[in-house]
Amino acid sequence: MALQLVWFRTDLRIHDNSALAAAAKKGPVVAVFLHCVEQWQAHGHGANKLDFWARGVDALKSALAGLNIPLLQRDISTFDQAPPVLTELAHQLGAEGVHFNHEYPFNEQHRDQAVMAHCRSAGLGAHGYHDAVAFAPGTLLTGKGDYYGVFTPFSKAWHKNIQAEQLALRDTPEPQAPLDIQSEARPDLPAMATRPVERQQWPAGEQEAADRLERFLRFRGRYYQSQRDFPHVRGTSELSAYLALGMISWRQCMQAVLSENGSLADGDTGLVAWVSELIWREFYQHVAVGFPQVCQHQPFQAHTRHLAWRDDDDAFAAWCEGRTGYPIVDAAMRQLVNTGWMHNRLRMITAMFLSKHLLIDWRRGEAFFLQHLVDGEFCANNGGWQWAASTGTDAAPYFRIFNPTTQSSRFDPEGNFIAHWLPELASLPAKARHSPPGDLLTQLDYPAPIVEHKMARQRALDAFKALKD
């Protein structure tokens, strides 16, 4: 049985890993991770994500050691260096083939295609696996043979066509005989020296991911539908960062739901709602392949390319720094900057505030989020932002413009989330925290709203109506 090389990327786990499982059936395995910090930074990933990624690789190294699989690590600048580095390493080791799990953003697709071509031209086997999705992009299509551009019919087709084999967990390899190859330390990467959020907020590794999944299902899963929109309540799974880097798989999550509920489509409303969110993640990965313009800074809805966005750096800075004068927006932005994460309901509110109230190009907000999010994932982040800006798939109708004060009263009724992140407003009565009285603003050291809701709403409506002309 010939040696196999497994290339890890955003699949930092030994359990339920298609590439690792397949490689281990062919022979002994050596693992490799290519640190591509320069390219990742060019793609907009910030210190929080990169630090979590690096610590995830360290955790992977320890897990692989338990299987006697050495992990080699290389530092490359850009994706185009991956093909020669991998083929040279495979030849040095005497490996028969290279195995990896596919990724779907545009640049990653082309990198993987180049790796496969380069390996095969060098006489190596090249094996890619659609591990991150149930259906390989291009295999779940509309009746007309097109990629889905709307989530609901995609979700219905997903449930209709999913098979037990797709949901089955991939085998975890048995420990192999030790090789005369030593694991390597992570390269010294000065570009990652920026201080990220406190690391204890985001312990890395698949054991932490498994623990979070268990806690979610045991204590919160059945209340997910009713509690997920309230940012002061711990009602979400808190698994997004672990899913983004593959420290846990979608199959492990689905199997856990099946164990609790017996079904993915019926039964407990909380668990079924959570399954829907997992399918949203897959939907956006299909969109990245089927509609590559979204990977190239373009809107899904072509006509919105002509929207007259405002160029207002001062307003954008106020949004970034949490000083718009709308407490729910400002509290959410402070949560993002201080923790590397933002509650999903707040992602919608803040994104719509930037793109509709301030009429600032959604791409600026998309980039800011990716720069700070520890769970920053291109497909999901882009899809969410385009939804909020009414430029994307399943886009909110252009006339749907959240009133942030109403959203605040509805989803943070006692103002507890606001009080936590805006302590200057904590002394106010609960109802006043959503829109502090103007005569108290100076005393509270809190800014007045930078834009008036009714005027901003009409301005956004006019901008979208102008597209019809």
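The structure this text deals with has already been given above.
In what follows, the accompanying structure is described. (Residues numbered from 1 in each chain as written. Predicted model: local features only at pLDDT ≥ 70, side-chain atom pairs only at ≥ 80, totals over all residues. Heavy atoms only, no water.)

**Side note on unusual backbone geometry**
We count it as follows: Helix and strand labels come from DSSP, where a helix needs a run of H or I of at least four residues and a strand needs a run of E of at least two; each type is numbered from the N terminus. Between buried and exposed lies partly exposed: a residue is buried under 20% and exposed over 50% of the maximum accessible area for its type, with that area taken using a 1.4 Å probe on protein chains only.
Phi angles above zero are rare outside glycine, and N68 is one such case at about 60 degrees. You can see N68 is positioned in the loop between α3 (47–65) and β3 (71–75). Phi angles above zero are rare outside glycine, and H297 is one such case at about 65 degrees. Looking at the element boundaries, H297 is found in the loop between α12 (269–290) and α13 (313–321). Residue classification places H297 among the exposed residues on the basis of a relative accessible area of 58%.

**Some details on the packing of helix α14 (residues 327–339) against helix α15 (residues 344–357)**
We count it as follows: Where helices are involved, their axes are fitted lines through C-alpha atoms of the stretch in contact, as for all axes, and angles between N-to-C directions lie from 0 to 180°. Relative orientations are named as follows: roughly parallel for angles under 35 degrees, roughly antiparallel for angles over 145 degrees, roughly perpendicular for angles from 65 to 115 degrees, and oblique for any other angle. Handedness of a crossing follows from how the near helix is turned relative to the far one, being left-handed for an anticlockwise turn of less than a right angle and right-handed for a clockwise one. By definition in these notes, contact holds between two residues if any of their heavy atoms fall within 4.5 Å. In this count, Pro and Cys sit with the nonpolar residues alongside Ala, Val, Leu, Ile, Met, Phe, Trp and Tyr, while Asp, Glu, Lys and Arg are called charged and the others, Gly among them, polar.
With their axes 10 Å apart at the nearest point, α14 and α15 run at an angle of 115 degrees to one another. With respect to each other, α14 and α15 are oriented roughly perpendicular. As for the relative orientation of α14 and α15, their crossing is left-handed in sense. Counting all contacts with α14, which are made through I328, V329, A332, M333 and Q335, the residues of α15 involved are L346, I349, T350 and F353. A class-by-class count of the residues in the contact of α14 with α15 yields seven nonpolar, two polar and no charged.

**Regarding helix α21 (residues 453–465)**
Keep this limit in mind: Multiplying one less than the number of residues by 1.5 Å gives the expected span of a helix. Between N or O atoms, a polar contact is any pair within 3.5 Å; within protein, one atom must be a potential hydrogen donor and the other a potential acceptor, and residues adjacent in sequence are included only when both atoms are from side chains.
Its 13 residues give α21 an end-to-end C-alpha distance of 18 Å, which sits within 8% of 18 Å, the value for a rise of 1.5 Å per residue. Buried residues belonging to α21 abut α15, α17 (378–389) and α18 (404–411). Two or three places before K454, at the start of α21, stands the capping residue E452, its side-chain oxygen 3.1 Å from that residue's backbone nitrogen.

**As for the pattern of salt bridges**
What counts, and what does not: Here, a salt bridge means any Lys or Arg side-chain nitrogen found within 4 Å of an Asp or Glu carboxyl oxygen.
This model, assessed by the stated rule, comprises 27 salt bridges. A salt bridge links R9 to D112; the nearest nitrogen and oxygen atoms lie 2.9 Å apart. Of this pair, R9 sits in the loop between β1 (4–8) and α1 (18–26) while D112 sits in helix α5 (residues 106–121), and the two are 103 residues apart along the sequence. According to the relative accessible area criterion, R9 is buried, its value standing at 4%. Take D112: its relative accessible area is 2%, and that puts it in the buried class. Residue D311 pairs with R364 through a salt bridge whose shortest N-O separation is 4.0 Å. Here D311 is found in the loop between α12 and α13, whereas its partner R364 is found in helix α16 (residues 362–372), with 53 residues between them in sequence. You can call D311 exposed: its relative accessible area is 71%.

**Let's talk about the packing of aromatic side chains**
Where we set the bar: Any pair of Phe, Tyr and Trp rings, taking the six-membered ring for Trp, is counted once the centres come within 6.5 Å. Such a pair is stacked with planes under 30 degrees apart, edge-to-face with planes over 60 apart, and tilted for the rest. Counting as a charge over the ring demands two things of the Lys NZ or Arg CZ atom: a distance within 6 Å of the ring centre and an angle within 35 degrees of the ring normal.
As enumerated under the stated definition, the model contains 27 aromatic pairs in all. Ring centres 4.9 Å apart and planes at 55 degrees place the aromatic pair F216 and W274 in the tilted group. One end of the pair, F216, is in helix α8 (residues 206–220); the other, W274, is in helix α12, with 58 residues separating them in the sequence. Of the residues examined, W274 reaches a relative accessible area of 3% and is grouped as buried. Between K49 and the ring centre of W53, over which it is positioned, the NZ or CZ distance is 5.0 Å. The ring of F79 has R111 lying over it, and the distance from NZ or CZ to the ring centre is 4.6 Å.

**Some thoughts on α3**
Over its 19 residues, α3 runs 27 Å from end to end, which matches the ideal 27 Å to within 8%, given 1.5 Å per residue. Residues N48, K49, L50, D51, F52, W53, A54, R55, G56, V57, L60 and L64 constitute the buried set of α3. Taken together, the buried residues of α3 touch β1, β2 (29–35), α2 (37–42), β3, α10 (240–244) and α16.

**Some words on the pairing of strand β5 (residues 125–129)**
Rules: In this analysis, strands are considered paired if DSSP registers two or more bridges between them. The handedness rule is simple: strands pointing away from the viewer, and a clockwise path from the first strand over the helix to the second, make the crossover right-handed.
Relative to β5, strand β4 (residues 97–101) runs parallel, the two being bridged by five bridges. Counterpart to G97 in the pairing with β5 is G125. Regarding the hand of the β-α-β motif, the stretch spanning β4, α5 and β5 is right-handed.

**Points about the packing of α16 against α17**
Between α16 and α17, the least distance of the axes is 10 Å, while the angle of their chain directions is 145 degrees. Like other packed secondary-structure pairs, α16 and α17 cross with a definite hand, here right-handed. Of α17, the residues touching α16 (which contributes W362, G365, E366, F369 and L370) are F378, N381, N382, W385, Q386 and A389. Its residues assigned to classes, the contact of α16 with α17 shows six nonpolar, four polar and one charged.

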